[in-house]
Amino acid sequence: RFIAKPCAINLGIQDSGPHRAQPNAILEKVFTSITKSPDGKRLEGLSKQLDWDVRKIQRWFRHRRNQDKPTTLTKFCESMWRFTFYLSIFFYGIRFLWTAPWFWDTRQCWYNYPFQPLTSRLYYYYILELAFYWSLMFSQFTDIKRKDFLIMFVHHLATIGLITFSYMNNMVRVGTLVLCLHDASDFLLEAAKLANYAKYQRLCDAFFMLFGVVFIVTRLGIYPFWILNTTLFESWELIGPYPSWWLFNGLLVTLQVLHVIWSYLIIRTASKALVRGKVSKDDRSDVESSSEEEDVTSNSTKGIFSTSSNGSNRLNGHVASGQWTGE
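Calculation rules
Residues numbered from 1 in each chain as written. Predicted model: local features only at pLDDT ≥ 70, side-chain atom pairs only at ≥ 80, totals over all residues. Heavy atoms only, no water. UniProt positions renumbered as here; feature names shortened; annotations may be inferred. Helix = DSSP H or I, 4+ residues; strand = E, 2+ residues; numbered from the N terminus. Areas by Shrake-Rupley, 256 points an atom, 1.4 Å probe, with all protein chains shown as cover. pLDDT = per-residue confidence, 0-100. Contact = heavy atoms within 4.5 Å. Buried < 20%, exposed > 50% of the residue type's maximum accessible area, 1.4 Å probe, protein only. Axes fitted to C-alpha atoms, helices over the stretch in contact; angles between N-to-C directions. Left-handed = near helix turned anticlockwise from the far one by under 90°. Core = buried A, V, L, I, M, F, W, Y, C linked by side-chain atoms within 4.5 Å. Arc of directions from axis to C-beta.

The name that an unreviewed UniProt entry assigns to the protein chain is CERS5 synthase, with the source organism given as Certhia brachydactyla. Taken from UniProt, the Catalytic activity (unreviewed entry) comment for the protein chain reads in full: "sphinganine + octadecanoyl-CoA = N-(octadecanoyl)-sphinganine + CoA + H(+)".

Here it is as structure tokens:
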């Protein structure tokens, strides 16, 4: 309200919503009572009843679906909040872990376990992360419904489960490594969204490409060969198997499966961006264009990535003719 909104206004982002559908009692009744996306048979029936062209009715339903979606200004403010949090918590984690012995030698995570002291910095780091992911868990039900809703739901469950479980079992050392690793790329994604909303397309593409590189390196490289290696093998060697070992590593492996899925989407986005010269639409989101030009440019270039803030998330919206349409 006091920081993000003035920044958005200074960048020329208007607090204007999508094109509103013209009032029509019959179509409104169908939309609210029957279906928001009528099939071909129903469209033909409505066309005869209203004496409207089918394309005009399709356009009306598209505008009606989009008119309740948040404005670009709202999405910019939300992404700026997420960017601020991710950036702050990442640098807090790096500053804290830089002097921690287990950051350089993962075997230190298991020496003298479970009798390891819980320092105040460890405690606050954990509580902040847990509170944030709980907020994401609740907000995803009020944000725009996206195609990756189920994946994000599983991700939030796994993350909250891991944070809570590792805290209860005093596995906070390895937990801090997991948290910091995941925060390394998230603020870059939010930066790409901010550039997209401000219509800085080249900056947006640059941030997204950098995000893709960092994401793949950390989630497909460092995470399995550094984190999973110590939780699966070093812990077994140093403290032996224990009942909760299977649950703990099961959640960590679940995260790795999600990393592979998201990496596939990112690589597909990047390849299309390289071929077509820019990043465009995200397959994960259901956001539709409310522009009537979409009917004319339906064969325009369409890519994969955009910025819905689940955000979003997050990967947190979506274009014709080359620019991202926000979430």
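Right, picking up where we left off after that structure.
Attention now moves to the overall build of the protein chain. If you tally the helices and strands in the protein chain, you get 11 helices and zero strands. Shown N-terminal to C-terminal, the secondary structure of the protein chain runs as helices and strands in the order α-α-α-α-α-α-α-α-α-α-α. Counting only carbon and sulfur atoms, one obtains 62% of the accessible surface of the protein chain, whose full area is about 16100 Å².

Our focus in this paragraph is the confidence of the model for the protein chain. The predicted model of the protein chain has a mean per-residue pLDDT of 79, with 80% of residues at 70 or higher. A low-confidence stretch, residues 280-327 (pLDDT under 50), is modelled with 183 contacts involving residues beyond four sequence positions or located in other chains.

To continue, consider the UniProt feature "transmembrane region" (unreviewed entry) in the protein chain. The sites that UniProt annotates as "transmembrane region" (unreviewed entry) are residues 83-103, 123-142, 207-226 and 246-267. Overall, residues 83-103 shows 86% helix and 0% strand. The separation of its end C-alpha atoms is 24 Å. Taken end to end, residues 246-267 is 100% helix and 0% strand, and its first and last C-alpha atoms sit 31 Å apart.

Attention shifts here to the environment of Thr254. One can find Thr254 in helix H11 (residues 243-276). The class for Thr254 is partly exposed, based on a relative accessible area of 29%. Along the backbone, Thr254 and His155 are 99 residues apart, and their C-alpha atoms lie at a distance of 8.2 Å.

Turning to the packing of helix H8 (residues 149-168) against H11, a few remarks are in order. Orientation of H8 relative to H11, taken along the N-to-C sense of each, is 145 degrees, at an axis distance of 10 Å. In the packing of H8 onto H11, the handedness of the crossing is left-handed. In contact with Ile151, Met152, Val154, His155, Ala158, Thr159, Gly161, Leu162, Phe165 and Ser166 of H8, H11 contributes Ser244, Leu247, Phe248, Leu251, Leu252, Thr254, Leu255, Leu258, Ile261 and Trp262.

This next bit is on the nonpolar core. Core analysis: the largest hydrophobic core is formed by 55 residues, its most contacted members being Leu97, Trp102, Met171, Tyr223 and Phe248. Where this core is concerned, the elements lending two or more residues are helix H5 (72-97), helix H6 (101-104), helix H7 (120-139), H8, helix H9 (172-197), helix H10 (201-239) and H11. If one sorts the elements of this core by residue count, H9 sits on top with 12 residues. Discounting residues that sit within four places of it in the chain, Phe248 has contacts with Trp110, Leu162, Phe165, Ser166, Met171, Val174, Thr231 and Tyr242.

We now examine unusual backbone geometry. In this structure, Pro114 follows Tyr113 across a cis peptide bond, with omega equal to 5 degrees. Among the structural elements, Pro114 can be located in the loop between H6 and H7. Unusually for a residue other than glycine, Asn112 sits at a positive phi of about 60 degrees. Looking at the element boundaries, Asn112 is found in the loop between H6 and H7.

Okay, helix H2 (residues 25-33) next. Residues Leu27, Val30 and Phe31 constitute the buried set of H2. Seen along its axis, H2 keeps its buried residues to an arc of 100 degrees; they face one direction. Seen from the open side of H2, the exposed residues pointing more than 90 degrees away from its buried face are Ala25, Lys29, Thr32 and Ser33. In the core, the buried residues of H2 are packed alongside helix H3 (40-50) and helix H4 (54-66).

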